Amino acid sequence: MIRICFTCLGNICRSPTAEAVMQWLIDQEKLGDKIQLDSSGTGDWHVGQQADPRTRAAAKARGIDVTSIARHAHSDDFGKFDYVIAMDRSNRDNLLRMAPDDAARAKVHLLRDFDPKSPKDSEVPDPYYGGEDGFNEVLDICDAGC
């Protein structure tokens, strides 16, 4: 079983989008018995909350359900997951500081580094303070990275 955790700042926009997009792709390929997903936030402001309503609406318009509940990233995540995928460099750096050892740090990657069309170290922009188009852009970026 491959275990992946997507991580952003609050776990209500980008990381739940990546988790839901990846789950949709896994379901399409019938790989549910091989890959397990989760998402988290390096900040704890939204713990226990559903994803932002704009996140859920944009995904729903594409037939993707965002069902995750926000949780805070913890150092013990490195023992649970094979990959810890950050949405931006700031969250990547926070995860690297949180990682207990070199093996854990090796699990940390940026999502866009998995998209061959994206320049190395590219970030998934945070749509929280922007308009509706930002949520669709995040869906497109997550689809390409996943």
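Please refer to the structure higher up on the page.
Cut-offs and rules
- Residues numbered from 1 in each chain as written.
- Predicted model: local features only at pLDDT ≥ 70, side-chain atom pairs only at ≥ 80, totals over all residues.
- Heavy atoms only, no water.
- Buried < 20%, exposed > 50% of the residue type's maximum accessible area, 1.4 Å probe, protein only.
- Helix = DSSP H or I, 4+ residues; strand = E, 2+ residues; numbered from the N terminus.
- Arc of directions from axis to C-beta.
- Contact = heavy atoms within 4.5 Å.
- Polar contact = N/O pair within 3.5 Å; in protein donor to acceptor, adjacent residues only side chain to side chain.
- Pairing = 2+ DSSP bridges.
- Axes fitted to C-alpha atoms, helices over the stretch in contact; angles between N-to-C directions.
- Phe/Tyr/Trp six-rings, centres within 6.5 Å; stacked < 30°, edge-to-face > 60°.
- Lys NZ or Arg CZ within 6 Å of the ring centre and 35° of its normal.

A. Structural context of helix α4 (residues 89-98). If you check which residues of α4 are buried, you get Asn91, Arg92 and Leu95. End-on view of α4: buried residues confined to an arc of 105°, all on one side of the axis. Where α4 is buried, its residues touch β1 (2-8), α1 (14-29), α3 (77-80), β3 (83-86) and β4 (108-110). For α4, the side-chain oxygen to backbone nitrogen distance between the N-cap and Ser90 is 3.2 Å, and the N-cap itself is Asp88.

B. Seen up close, the sheet that holds β1. One open sheet accounts for four strands, arranged β2-β1-β3-β4; its pairing is parallel. Of all strands in the sheet, those bounded by a partner on one side alone are β2 (35-41) and β4. For this sheet, the mean inter-axis angle between neighbouring strands, taken without regard to orientation, is 25°. Relative to β4, β3 runs parallel, the two being bridged by three bridges. Following the sheet pairing, Val84 is matched in β4 by Val108.

C. Structural context of the packing of aromatic side chains. Inspection of the entire model under this criterion finds one aromatic pair. Their ring planes at 90° and their centres at 4.8 Å tell us that Tyr128 and Tyr129 sit as a pair that is edge-to-face. Accessibility expressed as a relative area gives 29% for Tyr128, which makes it partly exposed. What makes Tyr129 exposed here is its relative accessible area of 77%. The ring of Tyr128 is capped by Arg54, whose NZ or CZ atom sits 5.4 Å from the centre of that ring.

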